[in-house]
Amino acid sequence: MGDRRRWRCHILVMRYADGGGLTAAGRAKLEAVRFEAAEMFEHGVRPQEVARRLRASRKSAYAWHAAWRQGGKTALASKGADGFPYRLRDGQVEWLQLELEAGPAAHGWTEDQRWSLVRVAELIHRLFGYRYTPHGVSVSAAQAGLVTAGPHASGRRAD
């Protein structure tokens, strides 16, 4: 078995103004690096040398080079924040928390008294009409500050 353990933890999420992973300033900074790479590509600098000069990974430099070849410098522009904004409002998050605390049996799942991400997605749909994927439930639960499965949540169970 080795060092395989079950992880249960509270997920701490850094909150940004736009709800995404990077701030607007962080995205702009990375975009500037990609634009600098585009200028180097225009002057015939090879991707591995771009990676070295910009202190980036070779994988990133090759990806930038491929995008630049297809669409020029504009293909390296930032596309904005990733994903959809979190849909549940504070009152809805509190309501969902209460319903989750009531347990799966209170919502018709009597065979197993654990919340799965699929079940939580179904409960959100029943309560609020929003459709989520299991991964979306995991991300949204973290954004809402709810307790979720830890880093080894391949079983798709929600705590």
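Residues numbered from 1 in each chain as written. Predicted model: local features only at pLDDT ≥ 70, side-chain atom pairs only at ≥ 80, totals over all residues. Heavy atoms only, no water.

**Some thoughts on the nonpolar core**
Just so we agree on the cut-off: Take the buried residues of types Ala, Val, Leu, Ile, Met, Phe, Trp, Tyr and Cys, join any two whose side-chain atoms come within 4.5 Å, and each joined set is a nonpolar core. Only protein chains enter the area calculation, which uses a 1.4 Å probe; residues under 20% of their type maximum are buried, those over 50% are exposed, and those in between are partly exposed. Secondary structure elements are defined from DSSP: runs of H or I of at least 4 residues count as helices, runs of E of at least 2 residues count as strands, and each element is numbered from the N terminus.
Membership of the largest hydrophobic core comes to 15 residues, with the highest contact counts inside it found for Leu88, Leu96, Ile124, Tyr132 and Val137. Listing elements by their share of this core, those giving two or more residues are α4 (90-102) and α5 (117-128). Here this core gets 6 residues from one element, more than from any other, and that element is α5. In terms of nonpolar packing, the next biggest core, distinct from the first, is built from 10 residues, Ala37, Met40, Val50 and Leu54 among them.

**Quick notes on the packing of α4 against α5**
Two numbers describe a pair of packed helices, the interaxial angle and the distance between the axes. The following threshold applies: What counts as an axis is a line fitted to C-alpha atoms, over the stretch in contact for a helix, and the angles between N-to-C directions run from 0 to 180 degrees. Roughly parallel here means an angle under 35 degrees, roughly antiparallel means over 145, roughly perpendicular means 65 to 115, and every remaining angle is called oblique. By convention the crossing between two helices is left-handed if the near helix lies anticlockwise of the far one by an angle smaller than a right angle, and right-handed if it lies clockwise. Contacts were defined at the residue level, with two residues in contact if any of their heavy atoms lie within 4.5 Å. Each residue gets one of three labels, nonpolar for Ala, Val, Leu, Ile, Met, Phe, Trp, Tyr, Cys and Pro, charged for Asp, Glu, Lys and Arg, and polar for the others, Gly among them.
Packing of α4 against α5 leaves a shortest axis separation of 11 Å and a crossing angle of 125°. Relative to α5, the element α4 is oriented oblique. By crossing handedness, the relation of α4 to α5 is classed as right-handed. Counting all contacts with α4, which are made through Gln92, Trp95, Leu96, Glu99 and Leu100, the residues of α5 involved are Val120, Leu123, Ile124, Leu127 and Phe128. When the residues that make up the contact of α4 with α5 are grouped by side-chain class, the tally is 8 nonpolar, 1 polar and 1 charged.

**Overview of the packing of aromatic side chains**
The test is simple: Geometry of aromatic contacts follows a simple scheme: Phe, Tyr and Trp rings, the Trp one being its six-membered ring, pair when their centres are within 6.5 Å, and the pair is stacked under 30 degrees between planes, edge-to-face over 60, tilted otherwise. We count a charge as sitting over a ring when the NZ of a lysine or the CZ of an arginine lies within 6 Å of the ring centre and within 35 degrees of the ring normal.
Here the structure, examined in full by the defined rule, presents 3 aromatic pairs. Seen in terms of ring centroids, Trp95 and Phe128 are 5.1 Å apart; in terms of plane orientation they differ by 90°. Their pairing is edge-to-face. Placement of Trp95 in helix α4 and of Phe128 in helix α5 is noted, with a sequence separation of 33 residues between them. Judged by centre distance (5.7 Å) and plane angle (75°), the ring pair of Trp109 and Trp115 falls under edge-to-face. The same class applies to Trp109 and to Trp115, which are both buried. Here the guanidinium or amino end of Lys73 rests over the ring plane of Phe35, the centre of that ring lying 4.9 Å away.

**Quick look at the packing of helix α1 (residues 24-42) against helix α3 (residues 58-71)**
Where α1 contacts α3, the axes come no closer than 10 Å and their chain directions differ by 65°. With respect to α3, the axis of α1 lies roughly perpendicular. For the pair α1 and α3, the sense of crossing is right-handed. Counted together, Val33, Arg34, Ala37, Ala38, Phe41 and Glu42 of α1 and Ala61, Trp64, His65 and Trp68 of α3 form the full contact between these two elements.

**Describing unusual backbone geometry**
In the Ramachandran plot, Arg55 falls in the positive-phi region, its phi being about 55° despite a non-glycine side chain. In this structure, Arg55 sits in the loop between α2 (47-54) and α3.

**Points about the environment of Arg53**
Its location among the elements puts Arg53 in helix α2. Sequence spacing of Arg53 and Met40 is 13 residues, and the spatial spacing of their C-alpha atoms is 9.8 Å. Each residue touching Arg53, except ones within four places of it in the same chain, is listed here: Met40 and Val45.

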